Amino acid sequence: MEIKKDRVVTIDYSLRDDTGRVIDSSSEAEPLVYLHGNENIIPGLEKELEGKNPGDSLKCSIEPADGYGDRDEALVFKVQKKEFGENAEVAPGMQFEAHGENGVQIVTVVKIDGDDVTLDANHPLAGETLHFDVKVVDVRDATAEEIEHGHVHGDHDHESGDSCDCGDDCDCGDDCGDDCDCDDGCCN
Ligand code: ZN
């Protein structure tokens, strides 16, 4: 079965930056499972995977425009340390989630200068060319409910109802960042 819109795709992948450093990878125990054609992964990688079949491998390099976008220096700004609250531990390199106009954003602490804290709301991979090494493990049809929700459900029974109960089985896992479009609130 080939990869196309509204099919559930399982891949093993590793992601490197321009220097060859591995930034991210799936482990054999936990490959990435996503619903194709629903903006669950970056557009460039979806494009590369379109039409591929289980067993296929591919290497591709994805420019920022098809990845996490270019860096926007307007997203680097200063706040007062006290805005983090009394006795809050704030250190350069720390990341936290902020809820903004574009959904959940990852914000990184760049530097601290007295009471001034410089923050960067660019996606940590913005401006990076992404080098992927991908193996397609499995492709299956999505259920009607998965298509309706726009994301994959686990092996458990998914109760239909008002709220999504993907819970811990939600593939978004701990990486609920900009990519996650679980509007049902299953993983936020
Ligand atoms: Zn769901």
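What you are looking at is a predicted structure, and each value in this text was computed from that prediction instead of being measured.

Caption draft 1: Representation of the environment of Leu119 within the structure. By the secondary structure assignment, Leu119 is in strand E8 (residues 116-120). For Leu119, a relative accessible area of 4% puts it in the buried group. Sequence spacing of Leu119 and Gly93 is 26 residues, and the spatial spacing of their C-alpha atoms is 9.7 Å. Apart from the residues lying within four places of it in its own chain, the contact partners of Leu119 are Leu75, Val76, Phe77, Val79, Phe84, Phe96, Val107, Thr108, Val109 and Val110.

Caption draft 2: Fine view of the environment of Asp138. Position of Asp138 among the secondary structure elements: in strand E9 (residues 130-141). For Asp138, a relative accessible area of 34% gives the class partly exposed. Expressed as a C-alpha distance, the spacing of Asp138 and Val33, which sit 105 residues apart in the sequence, is 8.8 Å. Excluding anything up to four places from it in sequence, Asp138 contacts Val8, Val9, Thr10 and Pro54.

Caption draft 3: The arrangement of the sheet that holds strand E6 (residues 95-100) in detail. The four strands are arranged E5-E8-E7-E6 in an open sheet whose pairing can be described as antiparallel. Strands with a single pairing partner mark the edges of an open sheet, and in this sheet they are strand E5 (76-80) and E6. Taken over all neighbouring pairs, the strand axes of this sheet differ in orientation by 40° on average, direction set aside. Strand direction decides the pairing type here: E6 and strand E7 (residues 103-113), joined by six bridges, are antiparallel. Bridge pairing in E7 links Gly100 to Gly103.

Caption draft 4: Layout of the side chain of Arg7. With respect to the helices and strands, the residue Arg7 is situated in strand E1 (residues 7-16). On the basis of relative accessible area, Arg7 is assigned to the buried category, the value being 14%. Once residues within four sequence positions are removed from consideration, Arg7 is found in contact with Met1, Glu2, Tyr34, Leu35, His36, Val139, Arg140, Asp141 and Ala142.

Caption draft 5: Inspection of the side chain of His36 at higher detail. Considering the arrangement of structural elements, one finds His36 in the loop between strand E3 (32-35) and helix H1 (43-49). Separated by 2.9 Å, the side chains of His36 and Glu50 make a polar contact. Sequence-distant contacts of His36, that is, excluding residues within four places in its chain, are made with Ile3, Lys4, Lys5, Asp6, Arg7, Val9, Glu46, Leu49 and Glu50.

Caption draft 6: Structural context of the packing of aromatic side chains. For the structure on display, the rule yields two aromatic pairs. Plain terms: the ring middles of Tyr13 and Phe132 are 6.3 Å apart, the flat faces sit at 50° to each other, and that makes the pair tilted. In this pair, Tyr13 sits in strand E1 while Phe132 sits in strand E9, placing the two residues 119 residues apart along the sequence. This pair shows no difference in class: Tyr13 is buried, exactly as Phe132 is. Relative to Phe96, the ring of Phe84 lies with its centre 5.8 Å away and its plane at 85°, an arrangement referred to as edge-to-face. Placement of Phe84 in the loop between E5 and E6 and of Phe96 in strand E6 is noted, with a sequence separation of 12 residues between them.

Caption draft 7: Layout of the confidence of the model for the chain. With 81% of its residues at a pLDDT of 70 or more, the chain has an overall mean of 84. Highest mean pLDDT in the chain belongs to strand E4 (residues 57-62) (98); lowest belongs to E6 (83). Note that pLDDT drops below 50 for residues 183-188; the model gives that stretch 16 contacts with residues more than four away or on any other chain.

Parameters and conventions
- Residues numbered from 1 in each chain as written.
- Predicted model: local features only at pLDDT ≥ 70, side-chain atom pairs only at ≥ 80, totals over all residues.
- Heavy atoms only, no water.
- Helix = DSSP H or I, 4+ residues; strand = E, 2+ residues; numbered from the N terminus.
- Buried < 20%, exposed > 50% of the residue type's maximum accessible area, 1.4 Å probe, protein only.
- Contact = heavy atoms within 4.5 Å.
- Pairing = 2+ DSSP bridges.
- Axes fitted to C-alpha atoms, helices over the stretch in contact; angles between N-to-C directions.
- Polar contact = N/O pair within 3.5 Å; in protein donor to acceptor, adjacent residues only side chain to side chain.
- Phe/Tyr/Trp six-rings, centres within 6.5 Å; stacked < 30°, edge-to-face > 60°.
- pLDDT = per-residue confidence, 0-100.

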